[in-house]
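Residue-level structural notes
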2 protein chains.
Amino acid sequence: MRHRLKDVAERAGVSVKTVSNVVNGYLHVKPDTRARVEEAIAELNYRPNLSARNLRKGRTGVIALAVPELDIPYFAELARHVVAAAADHGWTVLIDQTGGRREQERVAAAGIGDHMIDGLIFSPLALTADDLAALDGLPTVLLGERVDHGPADHVAIDNVTAAREMTAHLIGLGRRRIAAIGDQRTPEGASARLRLAGYAAALADAGIDYDERLVAPAPVWHRADGAAAMRQLLASGVRPDAVFCFNDTLALGALRALHEAGLKVPDDVAVAGFDDIEDGRFSVPTLTTVSPDKEQIARLAVELLAGRLAGDREAPPRELTAPHHLTPRESTHP
Amino acid sequence: MRHRLKDVAERAGVSVKTVSNVVNGYLHVKPDTRARVEEAIAELNYRPNLSARNLRKGRTGVIALAVPELDIPYFAELARHVVAAAADHGWTVLIDQTGGRREQERVAAAGIGDHMIDGLIFSPLALTADDLAALDGLPTVLLGERVDHGPADHVAIDNVTAAREMTAHLIGLGRRRIAAIGDQRTPEGASARLRLAGYAAALADAGIDYDERLVAPAPVWHRADGAAAMRQLLASGVRPDAVFCFNDTLALGALRALHEAGLKVPDDVAVAGFDDIEDGRFSVPTLTTVSPDKEQIARLAVELLAGRLAGDREAPPRELTAPHHLTPRESTHP
DNA sequence: CAGGCTTTCTACAACGTTGTAAGCAACGTT
DNA sequence: AACGTTGCTTACAACGTTGTAGAAAGCCTG
């Protein structure tokens, strides 16, 4: 029971184009013609066929958001903000879950629904700049650190500064044996590299030696990895009095491992995370963290995309930095 | 630099339709013609325009998933499974976030991208059966409890049984003063009603009186609401020795409030949740919960939709029940 | 060798929409 | 009276694709 412009036109006794004009808010339509058409639209419950409209206009009104995993809270929260920001522009968001796998990300990069989307906001893990080149004209905004001088617009927070501030916060509490969890030496580990650099810089600022035994790798940044890394640190005999985890889920895992080891947080070991996910506000203890302004990240990304779509397709790639701040909570405050 | 069938056809020296046939895997194409066409496709990096294809075929290959909030872990995890199950059918999933607001849900129900999607998997909070009637032919599968005898296919777990089992589990630990958190008397609170019914049934089974003072309402089921409800229960002077929270985020909030009140879990108060979200596996203490088989829910939903799309549009609505089980963890085990 | 089948390919129309150009009144200006 | 302007409406073509119908050529069957 789907109706077309033609059905409405016949019912209202006007041409198809006049109905189209009414639907699109064209000005020069006589009030009583408009009324008749609107009545017919209501009676038939007419709604435009977007595929046809898109075909005609070359625009779909849909943008895609590609993230590694939806059930990683950071991405879920980010997705929420992107959907909200896109709604302000009248766009629908198609959310794609890449799993961080390179193949799947290439599919996303290749344009998902091919011509089905006007633009792409992309938080890649495994993708290279070359893969992105394959986007071939699809306006794209990158989030996160993976491809930081790629061919596309880019939004991120200043990871080095944020990590440096957090480490300095721990030092300010009097801690000196500060561990770091989340090191990654793979090409995908750009965030890890930046955060590690900030950590090292803060140690240097305070004249504390960088001790490699205090730096624990974590191939993925899930809770289980944080717990495993923490256990390993404890087992190795190095006795940290603080841990800076490169994201909140790692930190929540570390909290869990410390609890199992009978250590008190923050008395024995202070713990800090990164991302400010909802969970950290209700954990026991609540989690000190770096709070990226996710709403701002989403808004900037959508606006960059809007700019591209509005015309300046050929402008050079822009790099925007979103604000962040430190959120001290119980895990570092007695 | 987007090319069309016509461009490929010219390059390969064949008709547009022959290229279409190659693209669609039509059988009767001479091998060397096919090769020439494929070469041209590769050279031009041709990809079909889905809007045009959809217009022609009346199908889009996109289904929508509408959930209240993406950053509620249960929905994020569910979304992940739906995306995976849909991928097996070659579908892309458009994820829509309704915010649980009736207006927004109506928009979702009205077909989101209007003609842009082939079907809808919908987890409504605020919607009535009448609103759903407005779907007007769009194949739809409902998740959750809101409209349990509506006009559409429906997948859910047996909430009453699950809640009864969990309450029985608490009784089996020797607890007698078992509180419930998450009561809702609003029309949206169908899940709450079912879970409360299961709770009451288990108490009756064990010959324990139902005490209204032990039942705490929670208008929304976020962590903050769970914490608030728990604080209020404690302040009211009723001294529960166990709490059954109607979902995991409520339970995590309750854990937090108990911690603040200096009560030990599970020694002083046992805590149980519902949903088995990832967070509950790493909380301190880990959270006993009802585990709905989310993967199965997603798979059943997608398959119901597939059935409708394959033809039997007029079949009566089906009600499927997905399995669940109890997952005991530290919050009820010493 | 006529008739029919198969293989390979093509022309055309149609899906539902909107931009363009143009038509037709009614009005005001010279 | 002739002309331009403005307001409203319409016919037509086009967006890129695929289904239908059918043409052309080759092959088999009797």
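Summarised in this report is the structure supplied together with it. Keep in mind it's a predicted model, so treat the numbers as computed, not measured. (Residues numbered from 1 in each chain as written. Chains lettered and ligands numbered in written order. Predicted model: local features only at pLDDT ≥ 70, side-chain atom pairs only at ≥ 80, totals over all residues. Heavy atoms only, no water.)

Looking now at the protein's contact with DNA strand C. Neighbouring DNA strand C are 23 residues, the closest being A:Leu5, A:Tyr46, A:Arg56, B:Thr18 and B:Thr33. Expressed as a percentage, the sugar and phosphate content of the atoms of DNA strand C within 4 Å of the protein is 69%. Contacts to DNA strand C include B:Lys30, whose backbone N or O atom sits 2.8 Å from a phosphate oxygen. At the level of elements, α2 (16-23) and α4 (50-57) of chain A together with α2 (16-23) and α4 (50-57) of chain B are the ones that each hand at least two residues to the surface near DNA strand C. The residue inventory of the surface near DNA strand C, partitioned by class, reads eight nonpolar, eight polar and seven charged. (Near = heavy atom within 4 Å. Polar contact = N/O pair within 3.5 Å; in protein donor to acceptor, adjacent residues only side chain to side chain. Helix = DSSP H or I, 4+ residues; strand = E, 2+ residues; numbered from the N terminus. Nonpolar A, V, L, I, M, F, W, Y, C, P; charged D, E, K, R; others polar.)

Moving on: the sheet that holds strand β6 (residues 178-183) of chain A. All names here are of chain A. Taken in spatial order, the four strands make up an open sheet running β7-β6-β8-β9, and their pairing is parallel. Of all the strands in the sheet, just β7 (215-217) and β9 (270-272) have a single pairing partner and so form its edges. Neighbouring strand axes in the sheet, compared pairwise and without regard to direction, differ in orientation by 20° on average. Alignment of strand β8 (residues 242-245) against β9, held across three bridges, turns out to be parallel. When the bridges of β9 are listed, Phe244 appears paired with Ala272. Its contacts with the sheet put helix α8 (residues 159-172) on β6, β8 and β9, and the angle it makes with β8 is roughly 165°. (Pairing = 2+ DSSP bridges. Axes fitted to C-alpha atoms, helices over the stretch in contact; angles between N-to-C directions. Contact = heavy atoms within 4.5 Å.)

A:Pro285 follows A:Val284 through a cis peptide bond whose omega is -5°. Within the secondary structure layout, A:Pro285 lies in the loop between β9 and β10 (289-292). A positive phi angle, near 55°, is found at A:Asn45, a position not held by glycine. Counting through the fold element by element, A:Asn45 comes out in the loop between α3 (31-44) and α4. A positive phi is found at B:Asp276, a non-glycine position, where the angle reads about 55°. By the secondary structure assignment, B:Asp276 is in the loop between β9 (270-274) and β10 (288-292). Residue classification places B:Asp276 among the buried positions, given a relative accessible area of 10%. (Buried < 20%, exposed > 50% of the residue type's maximum accessible area, 1.4 Å probe, protein only.)

The next thing to look at is the interface of chain B and chain A. Listed as interface residues are 50 residues of chain B and, on the opposing side, 49 residues of chain A. Contact between chain B and chain A buries roughly 4,700 Å² in total, counting both sides, with carbon and sulfur atoms accounting for 56%. Inspection of the chain B/chain A interface yields eight salt bridges. Summed over the shared surface of chain B and chain A, the number is six residue pairs in polar contact (both at pLDDT 80 or more). (Buried area = accessible area lost by both parts, 1.4 Å probe. Salt bridge = Lys/Arg side-chain N within 4 Å of Asp/Glu carboxyl O.)

Below, the discussion takes up α2(B). Along an α-helix, residues three or four positions apart point the same way, because every turn accommodates 3.6 residues. Of the positions making up α2(B), those classed as buried are B:Val19, B:Ser20, B:Asn21 and B:Val22. Remark: B:Gly25 follows α2(B) within two positions and exhibits a positive phi of approximately 70°.

Here we come to the protein's contact with DNA strand D. Lining the immediate surroundings of DNA strand D are 25 residues, of which A:Thr18, A:Thr33, B:Leu5, B:Tyr46 and B:Arg56 lie closest. Side-chain polar atom of B:Ser20 to a phosphate oxygen of DNA strand D: 2.7 Å apart, as the coordinates give it. Of all the secondary structure elements, the ones that give two or more residues to the surface near DNA strand D are α2 and α4 of chain A together with α2 and α4 of chain B. Of the residues forming the surface near DNA strand D, the biggest block, four residues, is contributed by α4(B). Residue composition of the surface near DNA strand D, by class: ten nonpolar, eight polar and seven charged.

Mapping chain B onto chain A is achieved by rotating through 180° and translating by 0.1 Å along the same axis, at an RMSD of 0.2 Å. This pairing of chains is accounted for by a two-fold axis. The residues that chain B uses at the interface reappear at the interface of chain A in 98% of cases, marking a shared surface. (Least-squares fit on C-alpha atoms with pLDDT ≥ 70 in both.)

The subject of this paragraph is the side chain of B:Asn54. With respect to the helices and strands, B:Asn54 occurs in helix α4. Owing to a relative accessible area of 5%, B:Asn54 belongs among the buried residues under this scheme. Once you skip the residues sitting within four places of it in the chain, B:Asn54 turns out to touch A:Ser51, A:Met116, B:Arg59 and B:Thr60.

Let us look at helix α12 (residues 294-310) of chain B. All names here are of chain B. In this model, α12 (17 residues) spans 24 Å end to end at C-alpha, consistent with the 24 Å of a helix rising 1.5 Å per residue. Within α12, twelve of the 17 residues are buried, which leaves the element mostly enclosed by the surrounding structure. When α12 is considered as a whole, its buried residues turn out to be Lys294, Ile297, Ala298, Leu300, Ala301, Val302, Leu304, Leu305, Ala306, Gly307, Arg308 and Leu309. (Expected span 1.5 Å × (residues − 1).)

A few words on the sheet that holds strand β11 (residues 319-322) of chain B. Residue and element names in this part refer to chain B. With parallel pairing, the six strands of this open sheet are ordered in space as β2-β1-β3-β4-β5-β11. At either margin of the open sheet sits one strand with a lone partner, and together these are β2 (92-97) and β11. Direction aside, neighbouring strands of the sheet carry axes that sit 20° apart on average. Here strand β1 (residues 62-67) pairs with β2 via six bridges, running parallel.

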